[in-house]
Amino acid sequence: MGPLHSGETWCVTVSTVLTPASERMKCLVGVLLYRPPLGGERTPGAAPRVHGLEAGHHHPGCRPPSPTGPWDKPTVEEAVDSGPTTVSRRYLSSLKNKLSSRDWRKSCQARTCPGPGTQEPEEKRIVQELLETEQAYVARLHLLDQVFFQELLKEARSSKAFPEDVVRLIFSNTASIYQFHAQFFLPELQQRLDDWTTTPRIGDVIQKLAPFLKMYSEYVKNFERAAELLATWSDKSPPFQEVITRIQSSEASGSLTLQHHMLEPVQRIPRYELLLKEYVQKLPAQAPDLADAQKALDMIFSAAQHSNAAITEMERLQELWEVYQRLGLEDDLVDPSNTLLREGPVLKISFRRVGPMERYLFLFNNMLLYCVPRVIQVGAQFQVRTRIDVASMKVRELTDAEFPHSFLVSGKQRTLELRARRSQEEMISWLQACQAAIDQIEKRNETFKAAVQSPEGDTQEQELQSEELGLRAPQWVRDKMVTMCMRCQEPFNALMRRRHHCRACGYVVCARCSDYRAELKYDDNRPSRVCLDCYTFLTGNVLPEDKEDKRRGILEKGAAAGSEQSLMCSFLQLLGDKWGKSGSRGWCVIPRDDPLVLYVYAAPQDMRAHTSIPLLGYQVTAGPQADPRVFQLQQSGQLYTFKAETEELKDRWVKAMERAASGLSPGGPNDRDLSD
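About the cut-offs
- Residues numbered from 1 in each chain as written.
- Predicted model: local features only at pLDDT ≥ 70, side-chain atom pairs only at ≥ 80, totals over all residues.
- Heavy atoms only, no water.
- Helix = DSSP H or I, 4+ residues; strand = E, 2+ residues; numbered from the N terminus.
- Buried < 20%, exposed > 50% of the residue type's maximum accessible area, 1.4 Å probe, protein only.
- Contact = heavy atoms within 4.5 Å.
- Phe/Tyr/Trp six-rings, centres within 6.5 Å; stacked < 30°, edge-to-face > 60°.
- Pairing = 2+ DSSP bridges.
- Axes fitted to C-alpha atoms, helices over the stretch in contact; angles between N-to-C directions.
- Parallel < 35°, antiparallel > 145°, perpendicular 65-115°, else oblique.
- Left-handed = near helix turned anticlockwise from the far one by under 90°.
- Nonpolar A, V, L, I, M, F, W, Y, C, P; charged D, E, K, R; others polar.
- pLDDT = per-residue confidence, 0-100.
- Core = buried A, V, L, I, M, F, W, Y, C linked by side-chain atoms within 4.5 Å.
- Patch = residues over 30% accessible without salt bridge, like charges linked within 9 Å, V, L, I, M, F, W, Y side chains within 5 Å.
- Areas by Shrake-Rupley, 256 points an atom, 1.4 Å probe, with all protein chains shown as cover.
- Salt bridge = Lys/Arg side-chain N within 4 Å of Asp/Glu carboxyl O.
- Expected span 1.5 Å × (residues − 1).
- Bend = angle between axes of the 7 residues up to and from the residue.
- Disulfide = S-S within 2.5 Å.

K.L.:
Account for the overall build of the chain, naming residues and giving values.
P.N.:
The helix and strand inventory of the chain stands at 15 helices and 20 strands. Taken over 676 residues, the chain has a buried fraction of 45%. The contacts of the chain with a sequence gap of at least 6 include a subset with a gap of at least 24, amounting to 60%.

K.L.:
So what's going on with the packing of aromatic side chains? Residues and values would help.
P.N.:
One pass over the structure, following the stated rule, counts 13 aromatic pairs. Aromatic side chains phenylalanine 180 and phenylalanine 185 sit 6.0 Å apart centroid to centroid with 15° between the ring planes, which places their arrangement in the stacked category. Each member of the pair, phenylalanine 180 as well as phenylalanine 185, carries the same accessibility label: buried. Chaining the aromatic ring pairs together yields one cluster made of Phe180, Phe185, Phe212 and Tyr272.

K.L.:
Got a sec to walk through the sheet that holds strand β17 (residues 611-614)? Specific residues and values, please.
P.N.:
By way of backbone hydrogen bonds, the strands of a sheet pair with one another, either parallel or antiparallel. On the basis of which strands lie adjacent, the open sheet formed by seven strands has the order β17-β16-β15-β14-β20-β19-β18 and antiparallel pairing. Either end of the sheet is taken by a strand with one partner, and the two such strands are β17 and β18 (619-622). Within this sheet the neighbouring strands show an average axis-to-axis angle of 35°, counted without direction. Sitting on the sheet, helix α15 (residues 647-661) touches β14 (566-575), β15 (585-591), β16 (597-601), β18, β19 (630-635) and β20 (638-643), and the angle it makes with β14 is about 115°.

K.L.:
So what about the side chain of arginine 268? Which residues, and what values?
P.N.:
Within the element layout of this structure, arginine 268 appears in helix α10 (residues 258-282). With residues up to four places along the chain from it excluded, the contact list for arginine 268 reads Leu130, Thr133, Glu134, Tyr137 and Tyr216.

K.L.:
Can you tell me about the packing of helix α4 (residues 122-159) against helix α6 (residues 174-194), naming the residues and giving the values?
P.N.:
Contact geometry of α4 with α6 gives a least axis separation of 9 Å together with a crossing angle of 155°. In this view, α4 runs roughly antiparallel relative to α6, as classed from their interaxial angle. In this structure, the crossing between α4 and α6 has a hand that is left-handed. By residue class, the composition of the contact of α4 with α6 is 15 nonpolar, seven polar and three charged.

K.L.:
So what's going on with the packing of helix α5 (residues 164-171) against helix α8 (residues 216-236)? Which residues, and what values?
P.N.:
Where α5 contacts α8, the axes come no closer than 7 Å and their chain directions differ by 135°. Classified by the angle their axes make, α5 and α8 are oblique. Note on element contacts: α8 touches α5 through Tyr219, Asn222, Arg225, Ala226, Leu229, Leu230 and Trp233, opposite Val166, Leu169, Ile170 and Phe171. For the contact of α5 with α8, a count of residues per class yields nine nonpolar, one polar and one charged.

K.L.:
Before we move on, can you summarise the confidence of the model for the chain with the specific residues and values?
P.N.:
Per-residue pLDDT for the chain has a mean of 74; in total, 71% of the residues score no lower than 70. A low-confidence stretch, residues 668-676 (pLDDT under 50), is modelled with 19 contacts involving residues beyond four sequence positions or located in other chains.

K.L.:
With reference to specific residues and values, describe the pairing of β19.
P.N.:
Sheet topology note: the β18/β19 ladder contains four bridges and is antiparallel. Bridging from a neighbouring strand, threonine 621 pairs with glutamine 632 of β19. Remark: two residues form the turn of the hairpin made by β19 and β20, two consecutive strands paired antiparallel; serine 636 in that turn has positive phi of roughly 35°.

K.L.:
Provide a residue-level description of the nonpolar core, including the pertinent values.
P.N.:
Grouped together as the largest cluster of nonpolar side chains are 65 residues, with contacts concentrated most on Ile170, Phe171, Met262 and Tyr279. For this core, the leading source of residues is α4, giving 15 residues. Residue contacts for phenylalanine 171: discarding those within four places in its chain leaves Leu144, Phe148, Phe149, Leu152, Tyr219 and Leu258. Listed in part, the 26 residues of the second largest apolar core include Val477, Tyr507, Leu520 and Val530.

K.L.:
Quick one: what's the story with a nonpolar patch on the surface, residue by residue and with numbers?
P.N.:
Nonpolar side chains collect at one region of the surface, where Trp321, Leu329 and Val334 lie side by side and expose about 250 Å² of accessible area between them. With respect to the helices and strands, valine 334 occurs in the loop between α11 (290-326) and β3 (340-348).

K.L.:
Report on unusual backbone geometry, specifying residues and quantitative values.
P.N.:
A positive phi angle is found at serine 172, which is not glycine, with a value near 50°. When you line up the elements, serine 172 lands in the loop between α5 and α6.

K.L.:
Describe the sheet that holds strand β6 (residues 382-389), naming the residues involved and giving the relevant values.
P.N.:
Strands sit in the order β6-β5-β4-β3-β9-β8-β7 across an open sheet of seven strands; the sheet is antiparallel. In this open sheet, the two edge strands, each paired with only one partner strand, are β6 and β7 (394-398). Sheet twist, expressed as the average angle between the axes of neighbouring strands with direction ignored, equals 30°. For strand β5 (residues 367-373) and β6, the ladder comprises seven bridges, and the chain directions are antiparallel. Looking across to β6, one finds that proline 373 is bridged to phenylalanine 382.

K.L.:
Before we move on, could you go through the pattern of salt bridges and cite the residues and values that matter?
P.N.:
Inspection of the entire model under this criterion finds 25 salt bridges. Its salt-bridge partner being glutamate 426, residue arginine 422 comes within 3.6 Å of it at the nearest N-O pair. In this structure arginine 422 comes out as exposed when scored by relative accessible area, which is 62%. Here the salt bridges do not stand alone but share partners, grouping Glu122, Arg125, Glu129 and Glu278 into one network.

K.L.:
Which residues make up α8, and what values go with them?
P.N.:
Under the 1.5 Å per step criterion, the end-to-end length of α8 is 29 Å for 21 residues, consistent within 8% with the ideal 30 Å. Of all the bends found along α8, the most pronounced is centred on phenylalanine 223 and spans about 45°.

K.L.:
Outline the environment of glutamine 634, supporting the account with residue identities and numerical values.
P.N.:
In this fold, glutamine 634 is placed in strand β19. Judged by its relative accessible area of 38%, glutamine 634 falls in the partly exposed class. Each C-alpha atom of the pair glutamine 634 and leucine 615 lies 9.7 Å from the other, and the pair is 19 residues apart in sequence. Filtering out sequence-adjacent residues up to four positions away, glutamine 634 remains in contact with Tyr618, Gln619, Thr621 and Leu639.

K.L.:
Account for the state of the cysteines, with residues named and values stated.
P.N.:
In this structure the tally under the stated criterion is zero disulfides. Here cysteine 505 stays free of any disulfide, with the sulfur of cysteine 502 as its closest cysteine sulfur at 3.5 Å.

K.L.:
Any chance you could break down the environment of arginine 225 for me, citing the residues and the numbers?
P.N.:
Checked against the element boundaries, arginine 225 lands in helix α8. Along the sequence, arginine 225 and glutamine 318 sit 93 residues apart, while their C-alpha atoms lie 9.6 Å from each other.

K.L.:
Can you break down the environment of proline 265 residue by residue, with the values?
P.N.:
Mapped onto the elements, proline 265 comes out in helix α10. The class of proline 265 is buried, set by a relative accessible area of 1%. The spacing of proline 265 and tyrosine 219 is 46 residues in sequence and 7.9 Å in space, taken between C-alpha atoms. When sequence neighbours within four positions are dropped, the list of residues in contact with proline 265 reads Tyr137, Leu141, Leu144, Tyr216 and Tyr219.

Next comes the structure, spelled out in structure tokens:
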């Protein structure tokens, strides 16, 4: 080989085809390809030289070397017919499924079918296929490391048009992979196939070298970042793009882009697995290599899993980074160890406003972020309103006739009443995702305890357990759910008796009943407004005599308790002058512990009913109006008229009232809950 002239570059390409076994090795031809100096002028006296096994000779079926240099620019026709194609950045996400399919295997074998007339054993044919694909793979690695990488590095050092570190980041540990395959793996396979007559086995060779295949994980992790850098600097630096285009236009590159070549290492280990699996299947039952080959297959499978884990981890980090960008990259939120479990829109049920409000949830493995969409989405798309730690979070379904498929998320800092936007299934999905995150945290902390679920579902008391009072944010009762103070039962009005919330239990109380302050641990021990009952419990102070509870009246049966333990309950319209100032709509309840009395409340959470009707002896009749949803209670001059929302609901009320009017108590075998 003569000395290199100034401006010249030499590279080696390896070309392989499948021919009969006796001639196969003659197709491995090392071709030294010459590139003239930039500008198209050749150095005087220098001419292209071809070095190989036989200059100017090639085996039948093998592609002869091109007389032009690999970096000579192609003609217009060639550029149109065989221009480089691009690789989608998201291609990597589907690799794990594609590489395991049989169609992929068939497409990979299309160029490596054995020649006609071969009668070799199946297992040897597979080993030959493995060797030949390895030779082509080493040639591709050579192109990546010794041509693309070296040329880009040389350009970066000479022109300073782009940083050297960018080149090194793009090619990651390609050099290590190339050296391993060129100096160790390929020679070992070649030697074993040459000695196949005396040593017909490859399992021990692969066992020895398989652990080194885990170096691919680093390459796979870096692949998408490398693709992004490649796209960025191709647009940003013309010299960078010129070097890549020049090499891609060469015959050595096969009219494929750099991204296509960079995909080869990502695809290689799954191909090893497929070939070795077929090799094991073709081995005779008494073959000496069967045990070693099976063990080698297990090691290759482990390496493939290692690469798949790297792909999964890379996808997780990419998705996590995109979520952090949507949240504004706040320092206390960005943590690469987090895992996004679920995200989506929900509706927030307000305790003051009438309608629900649009909100958005991000559920991570360690926290739930309650967010508000930004009106002007420049940069961050959401503003974080509340962060609830999963370690202290509780979730449960709510039974609310006004807001179906709603659920409660309770944390130490805040409690949220939320509603799924579309269906009951969506609400259940949120509950399951949150509970799974809670269970995982408890299991990891080795403090998992089986959650005791109430047998009646939502019959759990709304107020906090006494041992949790002040330790976590309560669920606030919505304003419109009550018309009177939940402690003294005095009715609210806009001027003299306004609504307030106890920060300890969440009840709606009047100013007189909440004129107390107590330190709450969930609120950093700041003094907060609490009701009289919570003040007594939290501070231990004795009730003043003038503040003691009055004796409960006959109407002082809480609507919430009655609804949870009721035979029948729902809203009914109250028709006629009989109801006076009580209003045109009431929350009606027939309690289980008082099954012969109908209680009518102004709101579902009221602590005192404004009307009670002993049903014994009443007649239940249809109303005089043409509306089939109307029915009446009548007895010796007393007449109450009701209207249900649906005809089906009206029939259920009529049945329940007729049973009570007849003096029948619940407890029979045919009794069932008729409530909403």
